[in-house]
Amino acid sequence: MSRAAGFLLAVEGSEGAGKSTLVRGLAAELVRAGISPIVVREPGGTPLGERVRTLLLDPAEPIGAAGELFLFLAARAELVRRVIGPALEAGRTVLADRFHLSTEAYQAAGRGLDLEFVRLANRVATGHIAPHLTLVLDLPPQLGLDRLRGQEGHVLDRFEREDAAFHARVGAFFAAARGPDIVHLDGTRTPEQVLHAAWQNLVMRHPGVGGAHRAQPSPGEG
């Protein structure tokens, strides 16, 4: 897949793994380093994407596997066209709360759609744009769901309400994901420890960050 002038970081993982928390932490560290990142979430980030998000997460909305896939891809195609692509061309840093690996995990491994077809469809949706770095938060699926259920006021969405077998398939796919730009982080550690490990990996790979700023080690790390 193609690479533009900027830097695209995707944070991936199953439900309750801490993706959003990590994205916020990395965004703050980048600002401290003098870099103003663009933060996006999937699905979402555009008017169309936000409407699709509402539809996809609604527990009362029955959607088949193929329809679900193409809704996600439609939202991603618009996000890439309107936000991610132009940002990368302008040399900006983009932090994405989920990207194509989630589609492979949920719609291929979880729903049973053909993985190669899902990958091909995603390449069409993204115009062959891929993350420069993907951070996968490894966490037992049940632990992540327990975290969500323990959050005051949290209402489980359509995916969070899936059965244990579905979540096990998704979690196993994320755990097995490998590639030169994929780094696994221990999602059972504290948010501070996860952020520290994530920042170290970003510093090593982001040409605009290395040497500019380094987060201080979290307690217990050196």
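Because the structure is predicted, anything quoted here is derived from the model rather than measured.

## Let's talk about the overall build of the protein
Part 1 of the reasoning: Helix and strand content of the protein: eight helices and five strands.
Part 2 of the reasoning: Of the regular secondary structure in the protein, the N- to C-terminal order runs β-α-β-α-α-β-α-α-β-α-α-β-α.
Part 3 of the reasoning: In summary, the protein has a C-alpha radius of gyration of 17 Å against a globular reference of 17 Å for 222 residues, a match within 12%.
Part 4 of the reasoning: A principal-axis box enclosing the C-alpha atoms of the protein has dimensions of 50 × 40 × 30 Å.

## What about the confidence of the model for the protein?
Part 1 of the reasoning: With 92% of its residues at a pLDDT of 70 or more, the protein shows a mean pLDDT of 92.
Part 2 of the reasoning: Throughout residues 212–222 the model reports pLDDT below 50, and contacts reaching past four residues in sequence, or to other chains, amount to 21 contacts.

## Looking at the environment of E50
Part 1 of the reasoning: Within the fold, E50 resides in helix 2 (residues 47–57).
Part 2 of the reasoning: Measuring from C-alpha to C-alpha, the distance between E50 and A75 comes to 8.1 Å, with 25 residues separating the pair along the chain.
Part 3 of the reasoning: Residue contacts for E50: discarding those within four places in its chain leaves R41, G44 and G45.

## Some points on helix 2
Part 1 of the reasoning: Residues of helix 2 that are buried include every one of G49, V52, R53 and L56, and no others. The buried residues of helix 2 occupy one face: seen down the axis, they fall within an arc of 110°. Residues R51 and T54 are exposed on helix 2 and point more than 90 degrees away from its buried face.

## Considerations on unusual backbone geometry
Part 1 of the reasoning: Omega for the bond connecting E42 with P43 falls within 30 degrees of zero, at -15°, which places this linkage in the cis form.
Part 2 of the reasoning: Looking at the secondary structure, you find P43 in the loop between strand 2 (38–41) and helix 2.
Part 3 of the reasoning: We note that H128 has phi near 70°; this positive angle belongs to a residue other than glycine.

## Here's the deal with the pairing of strand 4 (residues 133–138)
Part 1 of the reasoning: Counting buried residues in strand 4 gives five out of six residues, a clear majority hidden from the surface.
Part 2 of the reasoning: As paired strands, strand 1 (residues 7–13) and strand 4 are joined by five bridges and run parallel to one another. If you follow A10 over to strand 4, its bridge partner there is T134.
Part 3 of the reasoning: Pairing between strand 4 and strand 5 (residues 182–186): five bridges, direction parallel. Paired with D138 across the bridge in strand 5 is D186.

Parameters at a glance
Residue numbers here run from 1 along each chain, matching the order of that chain's written sequence. Reporting in this predicted model follows two pLDDT cut-offs: at least 70 for local features of residues, and 80 or more for side-chain atom pairs to be given and counted; totals over whole chains, interfaces and linings ignore these cut-offs and use all residues. By convention in this description, side-chain values take in all heavy atoms of the structure and omit both hydrogens and water. We count a stretch as a helix when DSSP gives it H or I for four or more residues in a row; a strand needs E for two or more, and each element gets its number in order from the N terminus. C-alpha atoms define the radius of gyration, and 2.2 Å times the number of residues to the power 0.38 defines the globule rule. pLDDT expresses how confident the predictor is about each individual residue, on a scale running from 0 to 100. Every residue pair with non-hydrogen atoms within 4.5 Å of one another is taken to be in contact. Buried residues are those whose accessible area, probed at 1.4 Å on protein chains only, stays under 20% of the maximum for their type, while exposed residues exceed 50% and partly exposed ones sit between those limits. Comment: arc refers to directions from the helix axis out to C-beta atoms. Here, strands pair whenever DSSP counts at least two bridges between them.

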